[in-house]
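Secondary and tertiary structure notes
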Amino acid sequence: MTSKTITAFFDKYEDASEAVRRLESAGVPQRDISLVASNEGDRYSSHAGRTFDGTNHHDDDVGDGAGTGATVGTLAGGGAGLLAGLGMLAIPGLGPVVAAGWLVSTLVGAGAGAAVGGVAGALIDAGVDENDAHAYAEGIRRGGALVTVRASEAEVDRIVDILDDEGTVDFDERETTWRSEGWTGAGATTAGTASAAPAGAASAAGLTDRTSAAARQTDEVIPVAEEELHVGKREVNRGRVRINARVVERPVQEQVTLREERVDVERRPVSGTTQAGAISGDPFQERTIEVEERGEEAVVSKEARVVEEVVVRKEADQRTETVSDTVRKTEVDVEDDRNVRGTGTTGLPGDRKL
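Since this is a predicted model, take the numbers as computed values, not measurements. (Residues numbered from 1 in each chain as written. Predicted model: local features only at pLDDT ≥ 70, side-chain atom pairs only at ≥ 80, totals over all residues. Heavy atoms only, no water.)

Some details on the overall build of the chain
Rule in force here: By definition, any uninterrupted DSSP run of H or I lasting at least four residues is a helix, any uninterrupted run of E lasting at least two residues is a strand, and each is numbered from the N terminus. Pairs of residues are marked as contacts when any of their non-hydrogen atoms sit within 4.5 Å. The Shrake-Rupley method, run with a 1.4 Å probe sphere, supplies the accessible areas, and residue values consider only the shown protein chains as cover.
In terms of helices and strands, the chain carries 10 helices and six strands. Taking the contacts inside the chain whose residues are at least 6 apart along the sequence as the reference set, 75% of them involve residues at least 24 apart. Surface accessibility of the chain: about 27800 Å² in total, with carbon and sulfur atoms responsible for 47%.

Structure, rendered in structure tokens:
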């Protein structure tokens, strides 16, 4: 069965932990839920009951792709709920976090228990898009919390409905804001890795052209730059309308009048004039008389007829929206404090004085 990884981002640990409780109440197994939240300043340390380091290492077989370092039962808190297994962890490049669930086991090393991989790498291994994975890691670094759920294809809609509640962040909008502030997404991580190279080599490469230019000419150039505003469009999810058609049964009763026939056979002695009268015809003839009894029984038939229609229609409207922002440009002010010597004239020819 294909497994999907569903993610939901929250600004606060409290909102994320409430989402975890909703998932558990809905019957989602603890082994499929994970929570990672920033613990900068030890603000959530009081919620954690352990530290994921060498003292918490277990050699148990965790299965389910959980990795090494601690058992799923340890990380999820056993039967006491996922948050009972919440622990503290330091992730290089991300800082201190509190975490619980299956994602934690991929962040914990098999030896001393230190984090050997970033959140982005763990999410990518779980099937999350690379750009989204780096964005979630950036969100945690900025103080947020991430809830991830592994679910089958059939459970995706139900899990999304549970997570799509109060406290969930519109992550597309949040990511757009970060990019407007200069964050470059996955490229930021690449740049950070490149900066670990020897500083001398990078500096030399950066200054090569500048030194050559200075040797060739004495001009110093100040680039005058100006930003242009480009407004594009993208589709965003505004919600959904789900209509389910189901068949229900209800008991009905009707009354019908049925006719029944009954044949009675009566034998009686003759008397009076009938007995004394003459018999017409031969009384010793063989005769057979048949009388059939008939009756009615109820016959049920059903006819389906349409009494109402439910029409689902999607209409698209267009609107014009004014987007306000700021653009930058370089302005150059020239202050000339030189004392100019030599011959020359200023003003109009009629203003000259000899």
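Looking at the confidence of the model for the chain
Selection rule: Per residue, pLDDT measures the predictor's confidence, with a range of 0 to 100.
Taken residue by residue, the chain gives an average pLDDT of 74. The fraction at 70 or more is 72%. For the stretch residues 189–217, pLDDT sits under 50, and the model shows one contact to residues farther than four places along the chain or on other chains. Segment residues 339–354 is flagged for pLDDT under 50; beyond a separation of four residues in sequence, or across chains, it makes one contact in the model.

Section: the nonpolar core
The following threshold applies: For this analysis, a nonpolar core means a set of buried residues of the types Ala, Val, Leu, Ile, Met, Phe, Trp, Tyr and Cys, connected via side-chain atoms within 4.5 Å. Partly exposed describes any residue whose relative accessible area lies between the buried limit of under 20% and the exposed limit of over 50%, with all areas from a 1.4 Å probe on protein chains only and scaled to the type maximum.
With 28 residues, the main nonpolar core has Leu89, Val119, Leu123 and Ile140 as its most contacted residues. Among the secondary structure elements, those contributing two or more residues to this core are β4 (87–91), β5 (95–101), α3 (102–107), α4 (119–125), α5 (130–141) and α7 (171–180). Looking at this core, the element that brings in the most residues is α5, giving five residues. Core analysis: the next-biggest nonpolar cluster, separate from the first, contains 27 residues, Phe10, Ala37, Leu82 and Val147 among them.

Considering the pairing of β5
Note the following rule: Strand pairing is assigned whenever DSSP detects at least two bridges linking the two strands.
Of all seven residues in β5, five are buried; the element is thus mostly enclosed. Here strand β2 (residues 33–38) pairs with β5 via five bridges, running antiparallel. Bridge assignment links Leu35 to a residue of β5, and that residue is Ala100. Relative to β5, β4 runs antiparallel, the two being bridged by five bridges. Its bridge partner being in β5, Ile91 is matched across the sheet by Gly95.

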